[in-house]
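Understanding the architecture of this molecule
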Amino acid sequence: MLIIYYIHSPTYSYFKQFQHTMKIRTQSELINTDLYKIADTVRMVFENTASEYGQEYFKQMVLQLANSLGADYAFIGELDKDKINTIDTLALSEKGKIIENISYQLKNTPCENVVGKSPCFYPIDVVKQFPQDEFLKINSIESYIGIPLFNSKNEAIGLIVCMFLQAVKSPILVQDVIQIFSSRVSSEIERVHLESKLRRSENRFRHIAENTAAWIWEIDPQGKYIYTSKKVNEILGYHPSELIGKRYFYESYPEPNIEAYKKTIFSLFNKRKAFTDFENQKLHKNGEIVWFRTFGVPIINPEGELLGYRGTSINISEQKKHEQEIQKQNEFLTTVLNSLSYPFHVINVKDYSVSLSNHAGAISNNTQKSTCYKLSHKLETPCCGTEHPCPLKIVMDTKKSCIVEHIHTNKEGVKYPCEVHCHPIFDKQGNVSQVIEYSIDRTEREQSKWTITQRVKELQCIHQLTQALEKHKNHPDDNCNKVVDVIPSGFQYPEITGCSIIFYGIEYKTDNYCNGPWMLESPLHNGKKLVGKVQVCFNQESDTNPFLKEENDLLKTIGQHLSSFIEQQHYENLQNVIYKISEAANISENLHDLIGIIHLHLKSLIDTSNFYMALYHEQNDYFTVPYSADKKINFRSFPAGKSLTKYVLLQQCSKLVTSKILNQLEDNGEVISVGERSKAWLGVPLLIKGKAIGVISIQNYLDVEAYDLKDLDILEFVSNQISISVQRKKVEDDLKKALLKAQESDRLKTAFLSAMSHELRTPLNAIIGFSGLINEELKKEETIEFAQLINQSGNDLLGIINNILDVTQLEGRNITTNITQFQAHDLCLNLLDKLHSEQYQNNYKKIIINFKPSLTDQDISILSDQDKLFKILYNLLSNAIKFTPEGEVALGYLIENRENMPYVKFFIKDSGIGISHDKQNIIFNLFRQEDDSQARKFGGTGVGLSLAKKYTELLNGHIEVESEVNKGSEFTVWIPLEPDLILSN
């Protein structure tokens, strides 16, 4: 067998290839060639090693390689599996003789570059290249050639090395020869290892078969024994010779089941499958029954024929006896444990797993795969804390029994109080390995105790609630905050019970309140109206509802108690509000303050988040809004028209209008919506002696059921007092305004006369002075210059008189408009031409006037009064130039939307002295300047800005100013583009 293996080895094949090569060439052609030398060397090595194997083969191989190649040293080395980076030589030759094998460290040697890598050749000075290699150094090696060895799995297993004291003359020859035999050497190393393993395996099997506790057997396809181990004599009383070739395996099976047993076994044979853990009985030679656990595997030849079965049988008779005894004990123990009415568990301390439970403690069929905390509490982690101390942990720490109180969950998921008894079970080392735990239901006892305690808590809660409501009844926020703190005290777990009260849209809650899966809720009513709700939450995870029915009833009682208090408080507040509204007229400074106080007091009665009061002006069919607190709109005034406010005013009765009712009114043409539509709108007319003077209104943009008829009744109830107070304050305000107006008028007349005396005197002095200087002796150029100054002064005087006449006409409402179509760009150019001329004449050379029209809006066509718009812009630009000592004045325009309507926006911006914020509202009044002293410094009558504002309003436009002292001002004029808006005046 070894010879066949060798003949078919790569070395033999390689040698045959050389023989074939030599046959096709003459000897004379090859004698002096390296190929011939290699072939001759291979032949010689092959002939001398062909009959050897194992250790003798390795010795002959290194000797033949050394002799044929002229190597001084040669060895075959194998990697040591137990030592890292170490080669153990299998054969080592020194100068033609085999010497003792050595262990060779690979690190810092040439072999390190060979093993598992590739052939290496160091022709000279190998010691210098590897100075740390002691073998090379001691033996003065000059040249080195190494070839790696690999097994059939291409894993590195060793190397072949030849070393020379002189430089190698034919390195290629040496390397090729070693390379040729490397595969043969690798195969031999593998073969030696395999043979060793087989030998060890055979010895091991013999030892196991003779000494194992199992009976080893083998049968043919008919079931006759063809082998049996000696163990059968000990187990069944038969000598192997009594069974082998004489008896069948099924003959010793007890009657009367022998045929069934035989049928079962042969059905397995027919399937040709292995079988395990097959428990069966056999009769001992003395007639006793012996139990076996049998394992068998089929024996099948290469042609697929069943040759029989072999296997082992283990005597389990004693085990069966113990099992029967244990079964009886378990049945007795199970009967005892199941007779207990309370849950009983045996628990492993390492992982809290349950190893034994009775019927009362088993929640499911797989109880023993569960944990104690999951069975008892439905939790994913063990018990902890003072409320649920872990009895298992207490027993482990103290090694003593303990009793704790817990809340457990039964099979139906209902929580119940119990008394948990826990006792230790010790292992051989005295450590607690398991615990016995049983729990006694304390529901009835606790229920009685809890009922008494809970009733006391409920009474205390209601009592504290009543005290809190009475103490803080005049402070709603404090009241609600105190109430939410009191309510959890009436529940079984006050520390983890949160509370929230939502009252008229405002939420008051405890710090631990959160929206969770377990909550209770009770509505709060003011009469029949829902005004809020009171809620409690449970702030721990729970698989079942943690709230009791009694707690739900308690919250309903609290809700009813709070609703009664709210209704009573509401009635008291109503009376109080009426009184405070009547008082407000005496303490408020003006109408705005009065309505603000009214709004503040109405909040305690009704939701006034969106509130306004509109006073009607019959003369121009207009509403002014002296006070508004609305989230969506902020009108100062609006046309009455067909607004919902006007509708209530005309009807002279209160209206509760929902979005549905509003749609009906709009469809009937009775109402046109103004501003953003609300879901619910409530309006009440303010009546004085049967005449409506205005409307008070509240609205809600989100909830169509925000108001009801009771809210309407409340607002109607207080509206009479509101009407009286508003009318009284309005009269007071009108009288104050009239007095202030008279005082202001008197002061303004004085200021006006003073300014006019200066403004008129200046051009008159110029006219009189320069006209008096003109005579026949005056030069022509001076005469022309004086004439121009006289003309300019006359024009200035004419402008002052025209402004005064325009003011007179505006005040007397005798002025009309002349609406025409014109270009904004042309208007601005004409305006600039006039200003540039005046700038030159007035020597305003330090001022730059810039024209900045919009590049996209240059061709704007305006339908308006061109002359009045010219005067507006002229007055604004003149003012800008007058109050800008030096710098820039800019004029521009563009199209922009204002209140969703298109306007032409003109802007005049300067870098002059600016206007303080507190004076920006009065500069548009007649005869007013920021500071009357400015009239002396810069001149003017205080008429220009007043005219600009009045003309702008006449054209249905708007004028605005933004300014900062010493930085300049920007005036903006908005002129409408919509024809309907332009022609409305």
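Residues numbered from 1 in each chain as written. Predicted model: local features only at pLDDT ≥ 70, side-chain atom pairs only at ≥ 80, totals over all residues. Heavy atoms only, no water.

Looking up the protein chain in an unreviewed UniProt entry gives the name histidine kinase, with the organism given as Ancylomarina euxinus.

Digging into the sheet that holds strand β12 (residues 306-315)
With antiparallel pairing, the five strands of this open sheet are ordered in space as β9-β8-β12-β11-β10. With partners counted over all chains shown, the strands left at the sheet margins are β9 (225-228) and β10 (275-283), one partner each. This sheet shows a mean twist of 30° between the axes of neighbouring strands, independent of strand direction. Direction of pairing for strand β8 (residues 215-219) relative to β9: antiparallel, over a ladder of three bridges. Bridge assignment links W217 to a residue of β9, and that residue is T228. Across the sheet, helix α11 (residues 258-271) touches β8, β10 and β12, and the angle it forms with β10 is around 150°. Where helix α12 (residues 317-338) meets the sheet, it contacts β10, β11 (289-300) and β12, and its direction lies at approximately 125° from that of β11. (Pairing = 2+ DSSP bridges. Helix = DSSP H or I, 4+ residues; strand = E, 2+ residues; numbered from the N terminus. Axes fitted to C-alpha atoms, helices over the stretch in contact; angles between N-to-C directions. Contact = heavy atoms within 4.5 Å.)

A word on empty space enclosed by the protein
As enumerated under the stated definition, the model contains four cavities of 30 Å³ or more in all. In this structure, the largest cavity occupies an estimated 290 Å³ of space. As for the largest cavity, its lining consists of 24 residues, and the residues nearest its centre are Y612, L644, V674, W681 and Q699. Only β23 (622-629), α19 (644-651), β25 (655-658) and α20 (659-667) provide two or more residues apiece to the lining of the largest cavity. Residue composition of the lining of the largest cavity, grouped by class: 12 nonpolar, 10 polar and two charged. Space inside the second largest cavity adds up to approximately 140 Å³. Around the second largest cavity, the lining is made up of 14 residues, and of these W217, F249, Y261, K282 and T294 lie nearest the centre. Of all elements in the fold, only β8, α11 and β10 reach the threshold of two or more residues within the lining of the second largest cavity. If one sorts the elements of the lining of the second largest cavity by residue count, β10 sits on top with four residues. When grouped by side-chain class, the residues that make up the lining of the second largest cavity number 10 nonpolar, three polar and one charged. (1 Å grid on protein atoms, 1.4 Å probe; cavity = no way out; pocket = protein on both sides within 12 Å on 5 of 7 lines; lining within 4 Å. Points joined across faces, edges and corners; volume = space filled by probe spheres on them. Nonpolar A, V, L, I, M, F, W, Y, C, P; charged D, E, K, R; others polar.)

Considering a positive patch on the surface
On the surface, a cluster of positive charge is made up of K81, K153, K197, R200 and R204. Within the fold, K197 resides in helix α8 (residues 171-211). The class for K197 is exposed, based on a relative accessible area of 52%. (Patch = residues over 30% accessible without salt bridge, like charges linked within 9 Å, V, L, I, M, F, W, Y side chains within 5 Å. Areas by Shrake-Rupley, 256 points an atom, 1.4 Å probe, with all protein chains shown as cover. Salt bridge = Lys/Arg side-chain N within 4 Å of Asp/Glu carboxyl O. Lys, Arg positive; Asp, Glu negative; His and termini not counted. Charge placed at Lys NZ, Arg CZ, Asp CG, Glu CD. Buried < 20%, exposed > 50% of the residue type's maximum accessible area, 1.4 Å probe, protein only.)

Points about the pattern of salt bridges
For the structure shown, the criterion picks out 27 salt bridges. Measuring nitrogen to oxygen at the nearest pair gives 2.8 Å for the salt bridge that ties E188 to R191. Linking E188 with R191, this pair stays in helix α8, spanning three residues, or about one helical turn. For E188, a relative accessible area of 1% puts it in the buried group. A salt bridge links E405 to R442, with the nearest nitrogen and oxygen atoms 3.3 Å apart. Taken as a pair, E405 in strand β15 (residues 402-409) and R442 in the loop between β17 (432-441) and α15 (443-471) lie far apart in primary sequence, 37 residues in all. Each of R184, E188, R191, E195 and R199 takes part in a single network of salt bridges with overlapping partners.

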